[in-house]
Amino acid sequence: MIWYVSIGLAVLLALSVPVGAALFILGFGLDEFFSAMPLMRGLGQMVYSSSDSFLLIAIPLFVLLGEILVRAGIAERTYATLDTWFSWLPGGLIHANIGTATMFSATSGSSVATAATVATVAMPQARKQGYDQRLFAGAIAAGGALGILLPPSINLIVYGFLTQTSVPQLFMAGIVPGLLMALGFMIITAILCTIKPAWGGPSRSFTWAERMAGLPHLIPVLMVFAIIIGSIYSGWATPTEAAAIGVVMALGIAAFYGAVTLENMRAALLGTIRTTSMVMFVIVGAYFLNFALGATGLNRALSGFLEGFGLGPYGMLLIIVLMYIVLGFFIETLALMIATIPIVVPIVIDLGFDKVWFGILLIVLIEMALITPPVGLNLYVVQGARKEGRLSDVMMGAIPFVFVMLVMVGLLIAFPSIALLFAPV
């Protein structure tokens, strides 16, 4: 049965079957061939119960927040400001890529949206100023991956929903690892561009007056982030309520910049509908698949399989980490999360690990899947924005940042307080 699910999912995804549909098909197959009960009769209840949650309303609201800010031109203004502050460093504009992706991640909640936005703004500068296209594009793909770690992260909301974990705690737990990883991206960029100066493009300097003049453009993003996280952490608002507040603020910011037009709002709403529909279809499909897995006993079989290794807690954790790294090469990230969380998290809890901490560790592993071939979505998004060259260039440029993510995984395992510093349990 384990092989049926594993091979079946791989084949369906290789055939480009939509992720949500693939999960439903696997659930139907388990019902037909392995279940003694007619699981299909519970499909209606599964669909309703998996989507009947106040918490899930936060997903379309956070997506809409990011869509509005994109069309308000926030990314372009942030990028131009960070250019004046970071271009003197070895690597120049590459640091602005990472900084812009980090700040936009704090409002977007989506890695793909972050990578697409920053790539659209930044790639013309790479060609104009003679940067190494591989490292430049790889930095955007990696920086975009921070969108699912820094709050408000859609993936953290999904994790909290599936594991009944406090989303405010998950949001707070993601801040320090996210910022440390962004810093790690900048450090590895500086090291590489010191060794190979040609990769970093021309070094440019700006006056303090020019730098200070751009700081007001950072205020909108910082203000939205502070209000959302502050209202959640203080207990004044739930994640869903904070998302609604964020949308209102985004509309105010867009109005300030004259971006509240019929065309922009229509595009923002359509983008929100597409993203939310995809996420919810995957959630509902995975919910039914997990119901089928539990009813057919696969969860118990997999637990017994892992326990059969006879390893201690950290040995088992290493097996789980390696499993996610390997699966991340072949399975889309949200599908990987939703399909495995109900099976893996109970095992992790039984081993004595904290599920808030594991949620952050899991997201870092999922981020790695976003920038590793052949299924790394951010690689394709950045390549699409480049509109030239080979996809392999983006893949090569992302390799140093995969190394930083591996280091972060090791640090989280060795020092769990990195994630739990602002999210005590």
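Residues numbered from 1 in each chain as written. Predicted model: local features only at pLDDT ≥ 70, side-chain atom pairs only at ≥ 80, totals over all residues. Heavy atoms only, no water.

**Comments concerning the pattern of salt bridges**
Applying the stated rule across the entire model yields two salt bridges. Glutamate 67 is the salt-bridge partner of arginine 71, the closest N and O atoms lying 2.5 Å from each other. Remark: glutamate 67 and arginine 71 occur in helix α4 (residues 58-71); sequence separation between them is four residues, near one turn of the helix. Aspartate 393 serves as the salt-bridge partner of arginine 390, at 3.6 Å between the closest nitrogen and oxygen. With relative accessibility at 56%, the residue arginine 390 sits in the exposed group. Taking the relative accessible area as the measure of exposure, aspartate 393 reaches 15% and is therefore buried. (Salt bridge = Lys/Arg side-chain N within 4 Å of Asp/Glu carboxyl O. Helix = DSSP H or I, 4+ residues; strand = E, 2+ residues; numbered from the N terminus. Buried < 20%, exposed > 50% of the residue type's maximum accessible area, 1.4 Å probe, protein only.)

**Observations concerning the packing of helix α8 (residues 133-145) against helix α19 (residues 377-386)**
In the contact formed by α8 and α19, the axes pass within 9 Å of each other and the chain directions differ by 130°. In terms of axis orientation, α8 runs oblique to α19. Of the two possible hands of crossing, α8 and α19 adopt the one that is right-handed. Contacts from Gln133, Ala137, Ile140, Ala141, Gly144 and Ala145 of α8 reach α19 at Asn378, Leu379, Val382 and Arg386. (Axes fitted to C-alpha atoms, helices over the stretch in contact; angles between N-to-C directions. Parallel < 35°, antiparallel > 145°, perpendicular 65-115°, else oblique. Left-handed = near helix turned anticlockwise from the far one by under 90°. Contact = heavy atoms within 4.5 Å.)

**Description of unusual backbone geometry**
Proline 152 follows proline 151 through a cis peptide bond whose omega is 0°. Relative to the helices and strands, proline 152 resides in the loop between α8 and α9 (154-163). Positive phi outside glycine occurs at glutamine 164, with the angle close to 55°. Looking at the element boundaries, glutamine 164 is found in the loop between α9 and α10 (167-195). What makes glutamine 164 exposed here is its relative accessible area of 64%.

**A look at the side chain of aspartate 393**
Position of aspartate 393 relative to the elements: it lies in helix α20 (residues 391-414). Filtering out sequence-adjacent residues up to four positions away, aspartate 393 remains in contact with Arg134 and Arg386.

**Some remarks on the packing of α10 against helix α18 (residues 355-370)**
Close contact between α10 and α18 brings their axes to 9 Å; oriented N to C, the two are set at 45°. Between α10 and α18, the angle is such that the two are oblique. The two elements α10 and α18 meet at a crossing, and its hand is right-handed. Of α18, the residues touching α10 (which contributes Gln169, Leu170, Ala173, Gly174, Pro177 and Met181) are Val356, Ile360, Val364 and Glu367. Looking at the contact of α10 with α18 residue by residue, the classes come out as seven nonpolar, two polar and one charged. (Nonpolar A, V, L, I, M, F, W, Y, C, P; charged D, E, K, R; others polar.)

**Considering the packing of aromatic side chains**
All told, the structure shown has six aromatic pairs when counted by the stated rule. Ring geometry for tryptophan 85 versus tryptophan 208: centroids 5.5 Å apart, planes at 80°, classification edge-to-face. With a gap of 123 residues between them, tryptophan 85 in helix α5 (residues 74-86) and tryptophan 208 in helix α11 (residues 208-214) connect regions that are remote in the sequence. Among the residues examined, tryptophan 208 registers a relative accessible area of 55% and is labelled exposed. Stacked on the ring of tyrosine 257, the Lys or Arg arginine 77 has its end atom at 3.8 Å from the ring centre. Here the guanidinium or amino end of arginine 211 rests over the ring plane of tryptophan 85, the centre of that ring lying 5.8 Å away. (Phe/Tyr/Trp six-rings, centres within 6.5 Å; stacked < 30°, edge-to-face > 60°. Lys NZ or Arg CZ within 6 Å of the ring centre and 35° of its normal.)

**With respect to α9**
Judged by how many residues are buried, α9 sits mostly within the fold: nine of 10 residues are covered. Here α9 has its buried residues at Ile154, Asn155, Leu156, Ile157, Val158, Tyr159, Gly160, Phe161 and Thr163. Near the N-terminus of α9, the side chain that reaches the backbone nitrogen of asparagine 155, with its oxygen 3.3 Å away, is that of serine 153. Glutamine 164 sits one or two residues past α9 and shows a positive phi near 55°. (Polar contact = N/O pair within 3.5 Å; in protein donor to acceptor, adjacent residues only side chain to side chain.)

**Some words on the nonpolar core**
Of all hydrophobic cores here, the largest spans 139 residues; its most connected members are Phe136, Phe358 and Ile371. Per-element accounting of this core gives the leading share, 14 residues, to α10. In contact with phenylalanine 136, other than residues within four places in its own chain, are Tyr79, Leu93, Ile94, Asn97, Ala122, Met123, Ala126 and Tyr131. Residues Phe24, Leu43, Met46 and Val284 belong to the second largest nonpolar core, which totals five residues. (Core = buried A, V, L, I, M, F, W, Y, C linked by side-chain atoms within 4.5 Å.)

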